[in-house]
Amino acid sequence: MTVAEDRKVTELPGPPSLGQYYASAAARAALPGGSGRSLPATELVRRGVTVEQGHLADYARVCGFRVGNALPVTYPHMLTFGLQVVLMAGRSFPLPLPGLVHIANRITVHRAITPTETLDVRVWAERFTRHPKGAQVDLIGEVSAGGETVWEGRSTYLARGATAPDGPVGGDGTADIAEPPVPTGPANALWRVPGDIGRRYAAVSGDVNPIHLHPLTAKAMGFPRAIAHGMWTAAHAAAALEGRVPDACTYEVVFRRPVLLPAKAELVTEQAAGGAWGLALRSAKDAQKLHLVGRIGG
């Protein structure tokens, strides 16, 4: 990807302190007005980023990956997420950061990324448009090494009840999210998701969105209980297929139904023609209730 001519590049000297951005965004969301009606023409960049090995180990432990010679497929999202928060917490961002729900994600890994490489990270926003339940926006992340793009991610977020201008993305002004086929076989694993997984994942990801941390803060955002992070469920599902997916791969997930904590869920994985794997996370009580549908492979 290349920098669009109309985006202003802003370079951050180090990792942002996300707690203060969430706090300022929460305070701003409580005030009338203050949000823009279009996306900021800004690209945030960090250069010379290195992976902290202790953090990588903590992430692997929380998500179920092994620590090896290549970063897990979802780990570079950790490097882009901080810049996403800075961008979404800005005064000109059109949607409120508190309560945003991650509804889809697409990752492309171009080659294995070793944990010792020096990386450049950039993030920008695009596709601010309508959604049947409110408004949605995509946050694009790109990770490069030595000028070579090695990882790309597109995170789609929903602001429930928000409004967006009619856009050119689709005939009805909404952006299409292509859902992978749903595997229908028997469950491969039973997940017992603990009530504190939101806080544990927040500790390694910096994603302290209140919908994930405590039942009371989740209720204030319209959820009956705290919900698991979408990227934790995506990472934990990918970890189940570790070693069976090539280094260069694409991972697409659509988050159907929040995982209310604590929870029991069933993971279904199924290899399709061409070697790609389909996956689905469904309620252990009702197989018709899907939490996640995905596809990962070369």
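Quick caveat: nothing in here was measured; it's all calculated off a predicted structure.

1. Re the layout of surface pockets
For step 1, the next point in the chain: Computed from the structure, the largest pocket encloses a volume of approximately 580 Å³.
For step 2, the next point in the chain: Along its surface, the largest pocket is lined by 27 residues, and I103, L158, F255, R256 and R257 are the ones closest to its centre.
For step 3, the next point in the chain: Where the lining of the largest pocket is concerned, the elements lending two or more residues are strand 3 (101-109), strand 6 (148-160), helix 6 (230-239) and strand 8 (249-255).
For step 4, the next point in the chain: For the lining of the largest pocket, the element with the highest residue contribution is strand 3, accounting for three residues.
For step 5, the next point in the chain: The class makeup of the residues in the lining of the largest pocket is 13 nonpolar, nine polar and five charged.
For step 6, the next point in the chain: One number sums up the size of the second largest pocket: a volume of about 420 Å³.
For step 7, the next point in the chain: Residue lining of the second largest pocket: 23 residues in total, with L71, P72, V73, E242 and D247 positioned closest to the centre.
For step 8, the next point in the chain: Residue classes in the lining of the second largest pocket are distributed as 16 nonpolar, three polar and four charged.

2. Observations concerning the nonpolar core
For step 1, the next point in the chain: Ranked by internal contacts, the top residues of the largest apolar core, which has 76 residues, are Y59, L139, Y201, W232, Y251 and I296.
For step 2, the next point in the chain: The greatest single-element share of this core, amounting to eight residues, is contributed by helix 3 (residues 76-88).
For step 3, the next point in the chain: Apart from the residues lying within four places of it in its own chain, the contact partners of Y59 are F65, T74, Y75, M78, Y201, V204 and A235.
For step 4, the next point in the chain: If you look at the next biggest cluster of nonpolar residues, it comprises eight residues, including L158, A218, F223 and I227.

3. Some details on the side chain of E117
For step 1, the next point in the chain: Positionally, E117 belongs in the loop between strand 3 and strand 4 (119-131).
For step 2, the next point in the chain: Taking relative accessible area as the criterion, E117 reaches 17% and is therefore assigned buried.
For step 3, the next point in the chain: A polar contact is formed between the side chain of E117 and the side chain of R111, at a distance of 2.9 Å.
For step 4, the next point in the chain: Of the polar contacts made by the side chain of E117, one reaches the backbone nitrogen of T114; its length is 2.9 Å.
For step 5, the next point in the chain: The residues contacting E117, other than those within four sequence positions of it, are V49, T50, R111, A112 and A145.

4. Digging into unusual backbone geometry
For step 1, the next point in the chain: Of the consecutive residues L261 and P262, the connecting peptide bond is found in the cis state with omega at -10 degrees.
For step 2, the next point in the chain: Residue placement: P262 occurs in the loop between strand 8 and strand 9 (263-271).
For step 3, the next point in the chain: Of note in the backbone geometry, R127 takes a positive phi value of approximately 55 degrees without being a glycine.
For step 4, the next point in the chain: As for its position among the elements, R127 is in strand 4.

5. Comments concerning the environment of T80
For step 1, the next point in the chain: When you line up the elements, T80 lands in helix 3.
For step 2, the next point in the chain: On the accessibility criterion, T80 (1% relative accessible area) is buried.
For step 3, the next point in the chain: Taking C-alpha positions, T80 is 33 Å from T184, a pair spaced 104 residues apart along the chain.

6. Concerning the sheet that holds strand 3
For step 1, the next point in the chain: Taking strand neighbours across the sheet as the criterion, the 11 strands line up as 1-2-4-5-6-3-8-11-10-9-7 in an open arrangement whose pairing is mixed. The outermost strands of the open sheet, each flanked by one partner alone, are strand 1 (8-11) and strand 7 (189-193). Direction aside, the axes of adjacent strands within the sheet are offset by 20 degrees on average.
For step 2, the next point in the chain: Where strand 1 and strand 2 (residues 42-49) come together, four bridges link them in parallel fashion. The partner of K8 across the bridge, within strand 2, is T42.
For step 3, the next point in the chain: The strands touched by helix 3 within the sheet are strand 2, strand 3, strand 4, strand 5 (134-145) and strand 6, with strand 4 carrying the most contacts at an inclination of about 55 degrees.
For step 4, the next point in the chain: Its contacts with the sheet put helix 6 on strand 3, strand 7, strand 8, strand 9, strand 10 (277-283) and strand 11 (290-297), and the angle it makes with strand 8 is roughly 135 degrees.

7. Considering the side chain of H102
For step 1, the next point in the chain: Locating H102 in the fold gives a position in strand 3.
For step 2, the next point in the chain: What makes H102 buried here is its relative accessible area of 12%.
For step 3, the next point in the chain: There is a polar contact of 3.1 Å between the side chain of H102 and the backbone oxygen of A104.
For step 4, the next point in the chain: A polar atom in the side chain of H102 sits 2.9 Å from the side chain of N105.
For step 5, the next point in the chain: Sequence-distant contacts of H102, that is, excluding residues within four places in its chain, are made with H77, S155, T156, Y157, M231 and F255.

Each value, and the rule that gives it
- Residues numbered from 1 in each chain as written.
- Predicted model: local features only at pLDDT ≥ 70, side-chain atom pairs only at ≥ 80, totals over all residues.
- Heavy atoms only, no water.
- 1 Å grid on protein atoms, 1.4 Å probe; cavity = no way out; pocket = protein on both sides within 12 Å on 5 of 7 lines; lining within 4 Å.
- Points joined across faces, edges and corners; volume = space filled by probe spheres on them.
- Helix = DSSP H or I, 4+ residues; strand = E, 2+ residues; numbered from the N terminus.
- Nonpolar A, V, L, I, M, F, W, Y, C, P; charged D, E, K, R; others polar.
- Core = buried A, V, L, I, M, F, W, Y, C linked by side-chain atoms within 4.5 Å.
- Buried < 20%, exposed > 50% of the residue type's maximum accessible area, 1.4 Å probe, protein only.
- Contact = heavy atoms within 4.5 Å.
- Polar contact = N/O pair within 3.5 Å; in protein donor to acceptor, adjacent residues only side chain to side chain.
- Pairing = 2+ DSSP bridges.
- Axes fitted to C-alpha atoms, helices over the stretch in contact; angles between N-to-C directions.

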